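A closer look at the structure
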Amino acid sequence: MTIEEVQEKLEKLRAEISYHDYRYYVLDNPVISDAQYDALMRELIKLEKQYPELITPDSPSMRVSGQPREGFTTLSHRLPMLSLANVMGEEELLDFDRRVRTSLLNEKIEYVVELKVDGLAVSLWYENGILERGATRGDGFTGEDITPNLKTIRSIPLRLQKPVPFLEVRGEAYMTKEIFLKLNQDRAEAGEPVFANPRNAAAGSLRQLDPSITASRKLNLFIYGLGDYKGTDFTTHAQSLNFLKEAGFPVSKDFRLFNDIKEVTEHCRRWEKQRFNLPYTIDGLVIKVNSLAQQKRLGATLKSPRWAIAYKFPAEQAQTEIKEIIIKVGRTGVLTPTAVLEPVRLAGTTVARATLHNEDIIKEKDIRVGDRVLVHKAGEIIPEVLEVLKTERRGTEEPFVMPAKCPVCQARVIRLAGEAATRCPNLTCPARQREGLIHFISRGAMDIAGLGQATIDNLLKAKLISDVADLYYLKFDDLVNLERMGPKSAQNLLAAIEKSKSNPLYRLVFAIGIIHVGERASRILAARFNTMECLMKSAFEELVVIPEIGPKIAASITAFFDLEQNRRLIAKLAQSGVKMGEKPPEKRVGALNLTPLLNKMFVVTGTLKNYTRDQVQEIIRKSGGKVTSSVSKNTDYILVGEEPGSKYTKALTLGIPVLREDEFLNLISSEIS
Ligand code: IVH
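First, a word on scope: everything that follows refers to the structure included in this document. If you're wondering where the values come from, they're calculated on a predicted model, not measured in any experiment. (Residues numbered from 1 in each chain as written. Predicted model: local features only at pLDDT ≥ 70, side-chain atom pairs only at ≥ 80, totals over all residues. Heavy atoms only, no water.)

All told, the structure shown has 14 aromatic pairs when counted by the stated rule. Taken together, a centroid distance of 5.3 Å and an interplanar angle of 80° make the contact between Tyr126 and Phe249 edge-to-face. Of this pair, Tyr126 sits in strand E4 (residues 120-127) while Phe249 sits in the loop between helix H8 (237-246) and strand E9 (256-258), and the two are 123 residues apart along the sequence. When its relative accessible area of 0% is taken as the criterion, Tyr126 is described as buried. The class for Phe249 is buried, based on a relative accessible area of 1%. (Phe/Tyr/Trp six-rings, centres within 6.5 Å; stacked < 30°, edge-to-face > 60°. Helix = DSSP H or I, 4+ residues; strand = E, 2+ residues; numbered from the N terminus. Buried < 20%, exposed > 50% of the residue type's maximum accessible area, 1.4 Å probe, protein only.)

Right under this line is the structure:
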């Protein structure tokens, strides 16, 4: 290819990938599969590696790039980022409308009402359609430059579909409730502090010096307005929102226009209930005067515009008492202390239980049985104790002690070093088996229609099943006599179980419940290994180099398949006819003597990002290479991390090939795939 052809090809790939990012992350309507997308991205990265001089900052490959930084630099906003004045309730909203009307001498007014997503305000700045800078609000005049972190948010366009000479947009970065809950669950298990709400989690994720951490938090964003701009013009706010949508920005579809403040108040009241159905949290609505000319006449105070107001929902918190602390045993054996509460109304439901996460959090908050506490719903879903009302203590409250034995099977519990979770190690613990079965049949997993918790409990009670594979050996006669089951539903259930046998491999990988292996990791693993057999045989070194897998997941997978009991379970599933994936017809891994590392002499210098020195030496040795401590002319490669020492300089003088960490990863992963 000539350089012009390469350039053209790169442009085409970038445009194609950006289009699919837009379909997936903004429109929520992808038109190609994950595998097809990954193939495009791989092609782009490969070509950019060959021609690094042709890499542009708006390339989709640059979303996560660059090294962790020392600190943040500050940036001045071209126009101050004001905040909004708040109102609570209808009366105060009507007051706002009166103020606006008086200032505008009773002219006709149109309002735009938007959702007030609960996240972090950010400003994005585009020059000639290319994202140049992104900043936090800061004090409104200067914010922090968080460009690399914002680039990891896949719904943010790196290049606009409508290039204008200059455009600054403002929006709210947020974390969905689902990602927030999962993040907190992982953090609680690892003994890290949990985030109080998705807003704190989003803010904590954006203010990371290492953008790869931000990327792993999978943030999202809505753009709600313009900052400074040149080369285009608008007469109303709604018009600017439509323009932003067409330019490729994620603009919430939930904005509405009203002529009458009464309708606005009804709309607010509707959202007060409806908000719990959203996948993210909102803490109110924002009401804005639509006409930009009117906005200008209304102006702003030092802090906030007079043409907009935040209608805030009441905080959903309640006070109640902890009656008892019980222990729930999950499918991975984690013992979760749970508070039994004096039932209390909270955010639309009656709450009688609240998770206390783990022993350390109970200690830290000093939660005792008998305490009066303040509760809320984390991510609007999981009831959680916010704090103890210590002034109401009577002296009879009892501190919590983690039991030494599993309350279900009496096995001695363990707490691993570096973890906050206490676990029941017994794989046949009835509680673990029940939760494991419920996970196995659930929607993201094997998705067996018509099989719910109640039927699982009945099947367990009747001793018809004890592990997940038993489901595939059930007969019509077993089912038909169960409680609330007739011939028709028994037949339907058998058909649904049968159908699940042909599920794609990733569902099965997810369903068997390997610790830390969620849906995404399951897809990656299934795509990489194609069959359960290959996955089972995979070594730690093979797993750890797969992008997004890493040492924690890799160790968990090998530990899972090291257990004879788990291997037997897989065999029992296969025996019943559950599909275990298929090898694709194309070439497979070569024998070990084809590996690029075989008999090669390595020297390692500097600090690596993904591995300790011991881990990387182990990988090299297991792949047939050798590691020595000093550089000589016999050295084949020098693997260089951060702050390399004098070995690096010596290698350069001897002309020894230098491998950066990512190049090394590519080398070993090409051996695996
Ligand atoms: S307009 C000058 N619209 O709420 C007015 N703000 O203090 C600028 N927010 O953190 C704000 N959703 O980031 C506006 N649809 C929306 C919003 C919104 C969330 C946030 C904003 C800021 C706070 C207002």
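Once the structure has been displayed, the description carries forward.
What follows is about the pattern of salt bridges. This model, assessed by the stated rule, comprises 43 salt bridges. Taking the shortest distance from any N to any O, the salt bridge between Glu192 and Arg187 comes out at 3.4 Å. By relative accessible area, which is 13% here, Arg187 ends up buried. In this structure, Arg275 and Glu316 form a salt bridge, with 3.0 Å as the shortest nitrogen-oxygen distance. Of the two residues, Arg275 sits in the loop between helix H9 (261-274) and strand E10 (282-289) while Glu316 sits in the loop between strand E11 (308-312) and strand E12 (317-329), which places them 41 residues apart along the sequence. The class of Arg275 is buried, set by a relative accessible area of 4%. Since its relative accessible area comes to 30%, Glu316 is described here as partly exposed. Sharing partners across several salt bridges, the network here consists of Glu11, Arg14, Glu48, Asp58 and Arg159. (Salt bridge = Lys/Arg side-chain N within 4 Å of Asp/Glu carboxyl O.)

To continue, consider the sheet that holds strand E3 (residues 111-117). Strand pairing in a sheet is mediated by backbone hydrogen bonds. Such pairs are either parallel or antiparallel. A sheet is described by the order of its strands in space; here five strands give the open sequence E2-E11-E10-E3-E9, paired in mixed fashion. If you trace the sheet from one side to the other, it starts and ends with strand E2 (86-88) and E9, each paired once. Averaged over all adjacent pairs, the angle separating strand axes in this sheet is 30°, with direction ignored. Each of E3, E9 and E10 touches H8; the most contacted strand, E3, lies at about 50° to it. (Pairing = 2+ DSSP bridges. Axes fitted to C-alpha atoms, helices over the stretch in contact; angles between N-to-C directions. Contact = heavy atoms within 4.5 Å.)

Position of Thr605 relative to the elements: it lies in strand E19 (residues 601-605). Between the alpha carbons of Thr605 and Phe249 there is a distance of 44 Å; along the sequence they are 356 residues apart. Here Thr605 is in contact with Arg613, Ile638, Leu639, Val640, Gly641, Pro644, Gly645, Lys647 and Tyr648, once residues within four sequence places are set aside. Side-chain polar atoms of Thr605 contact the backbone nitrogen of Gly645, separated by 2.9 Å. (Polar contact = N/O pair within 3.5 Å; in protein donor to acceptor, adjacent residues only side chain to side chain.)

Strands sit in the order E5-E4-E7-E8 across an open sheet of four strands; the sheet is antiparallel. Every interior strand has two partners, whereas the edge strands, strand E5 (130-136) and strand E8 (220-230), have only one. The sheet shows a mean angle of 25° between the axes of neighbouring strands, taken without regard to direction. In terms of strand pairing, E4 meets strand E7 (residues 166-174) through eight bridges, oriented antiparallel. Bridging from a neighbouring strand, Tyr126 pairs with Leu167 of E7.

Quick look at the site of the ligand now. As a matter of local geometry, the ligand sits amid 13 residues, with Leu84, Glu114, Glu172, Tyr224 and Lys288 nearest to it. Between a nitrogen atom of the ligand and a main-chain N or O atom of Leu115, the distance comes to 3.1 Å. In the environment of the ligand, an oxygen atom lies 3.4 Å from a nitrogen or oxygen atom belonging to the side chain of Lys116. Within the complex, 86% of the 520 Å² of free accessible area of the ligand lies under protein. With four residues, E3 is the largest single contributor of residues to the shell around the ligand. Class assignment for the residues of the shell around the ligand results in eight nonpolar, one polar and four charged. (Near = heavy atom within 4 Å. Areas by Shrake-Rupley, 256 points an atom, 1.4 Å probe, with all protein chains shown as cover. Nonpolar A, V, L, I, M, F, W, Y, C, P; charged D, E, K, R; others polar.)

Attention shifts here to the pairing of strand E16 (residues 372-378). With six of seven residues buried, E16 is to be regarded as a mostly interior element. Relative to E16, E12 is paired through five bridges, and the arrangement is antiparallel. If you follow Gln317 over to E16, its bridge partner there is His376. Pairing analysis gives six bridges linking E16 to strand E17 (residues 382-388), with the strands arranged antiparallel.

The next point concerns the nonpolar core. Proteins that are soluble and globular tend to have nonpolar side chains buried together. Phe440, Leu471, Leu508, Met532 and Phe664 are the most contacted members of the largest nonpolar core, which totals 72 residues. Residue contributions to this core peak at six residues, all from helix H16 (residues 505-511). Among all residues touching Met532, those that are not within four sequence positions of it are Leu505, Leu508, Val509, Ile512, Phe561, Ile570 and Met580. Counting 38 residues, the second-largest nonpolar core is a separate cluster that includes Val122, Phe180, Leu244 and Val251. (Core = buried A, V, L, I, M, F, W, Y, C linked by side-chain atoms within 4.5 Å.)

Another point: helix H17 (residues 519-529). Here H17 has its buried residues at Ala521, Ser522, Ile524, Leu525, Ala526 and Phe529. Residues of H17 that are buried in the fold lie against H16, helix H18 (532-537), helix H19 (540-544) and helix H20 (550-562). Following H17 by one or two positions, Asn530 adopts a phi angle in the positive range, close to 65°.

Geometry only, nothing functional implied.
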